[in-house]
Amino acid sequence: MTGSAEPHPGHTPAPSSAGEPAAVPAPPGAREPAPSSGRVRSAAKHDAILRAAMTVFLREGYAGASVDEIAATAGVGKQTVYGHFGDKEKLFLAVARAAGGMLSNDPEASRGPLPYSGNLRADLAAVGERVLRTVLAPDAAALHRLTIAELTRHPELQLMWRDNGSGAVMEDLARYLAERDRDGQLVVPEPERAARQFVLLLATDGRVRSLYGTQPLPPEERALVAWETADLIVRAHRPDA
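Now for a description of the structure that goes with this document. Every value quoted in this text rests on a predicted model; they were computed, and no experiment measured them.

Observations concerning the pattern of salt bridges
Logical step 1: In this structure the tally under the stated criterion is 15 salt bridges.
Logical step 2: Among the ionic pairs, Arg-153 bridges to Glu-150, the shortest N-O distance being 2.9 Å.
Logical step 3: Under the relative-accessibility criterion, Glu-150 is labelled buried at 10%.
Logical step 4: For the salt bridge of Arg-209 with Glu-221, the shortest nitrogen-to-oxygen distance reads 3.3 Å. Remark: Glu-221 occurs in helix 11 (residues 219–237) and Arg-209 occurs in helix 10 (residues 191–209); sequence separation between them is 12 residues.
Logical step 5: Here Glu-221 falls in the partly exposed class, since its relative accessible area comes to 26%.
Logical step 6: Beyond isolated ion pairs, a larger network of salt bridges with shared partners links Asp-205, Arg-209, Glu-221 and Glu-228.

The structure is reproduced here in structure tokens:
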């Protein structure tokens, strides 16, 4: 019976019909090749453009910002900006997406699981003050004002803030409220909803009192907003309510 011959050691695979060498499988345990320096530089330029665009958009507004100015601030050519983002509108949306997670990623806003101190209002008020410091920080407040101004043209911007703006904070709060429901301190059948209500009430009151971040909110007023919001949530969910 005729069969194909086994290749002997050191045999080099024959070229394919297209003239390309046949692929040689990587040996077991072989490491993936490191990213090329070109890809690393490209990622660095991408981040530099995003940072520069945020600076320019916050300073000039969407209409006043130019791709030329963004490119100059980033230290890249105008065509590089277009190559990474397409046009100014797509760049603006990318900036909003990147910045929409500021609250989620800010360690000041949320520090992981919330311990129970025995004082419900104090626990929630402490989280509330950290959230207010984050949402009323100058860059965060300016970006929020800018997205409001662009909502008629880009309604998806509000979805970005809603979906990404405080996810980690709400998760920590929901977990805390669920624990208080289990131990009988509160009655919270929907902890995720209660956490969202807490954060939205808190942020809205803080923004209104600070004229949407254009006026500093004194520490004592920030503490009052946090305490009043915490008290409202506790009273709404107490067992005898």
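Anyway, onward from the coordinates.
Notes on the side chain of Asp-123
Logical step 1: Checked against the element boundaries, Asp-123 lands in helix 6 (residues 120–135).
Logical step 2: Within the buried set, Asp-123 has no salt-bridge partner at all; the shortest N-O distance to an opposite charge, 5.9 Å, is to Arg-180.
Logical step 3: Setting aside residues no more than four positions away along its own chain, Asp-123 makes contact with Pro-115, Tyr-116, Ser-117, Gly-118 and Tyr-176.

Notes on helix 7 (residues 138–149)
Logical step 1: Over its 12 residues, helix 7 extends 17 Å from the first C-alpha to the last, a length consistent with the 16 Å expected when each residue adds 1.5 Å.
Logical step 2: All of the buried residues along helix 7 are Ala-140, Ala-141, Ala-142, Leu-143, His-144, Leu-146 and Thr-147.

The rules behind each value
- Residues numbered from 1 in each chain as written.
- Predicted model: local features only at pLDDT ≥ 70, side-chain atom pairs only at ≥ 80, totals over all residues.
- Heavy atoms only, no water.
- Salt bridge = Lys/Arg side-chain N within 4 Å of Asp/Glu carboxyl O.
- Buried < 20%, exposed > 50% of the residue type's maximum accessible area, 1.4 Å probe, protein only.
- Helix = DSSP H or I, 4+ residues; strand = E, 2+ residues; numbered from the N terminus.
- Lys, Arg positive; Asp, Glu negative; His and termini not counted.
- Contact = heavy atoms within 4.5 Å.
- Expected span 1.5 Å × (residues − 1).

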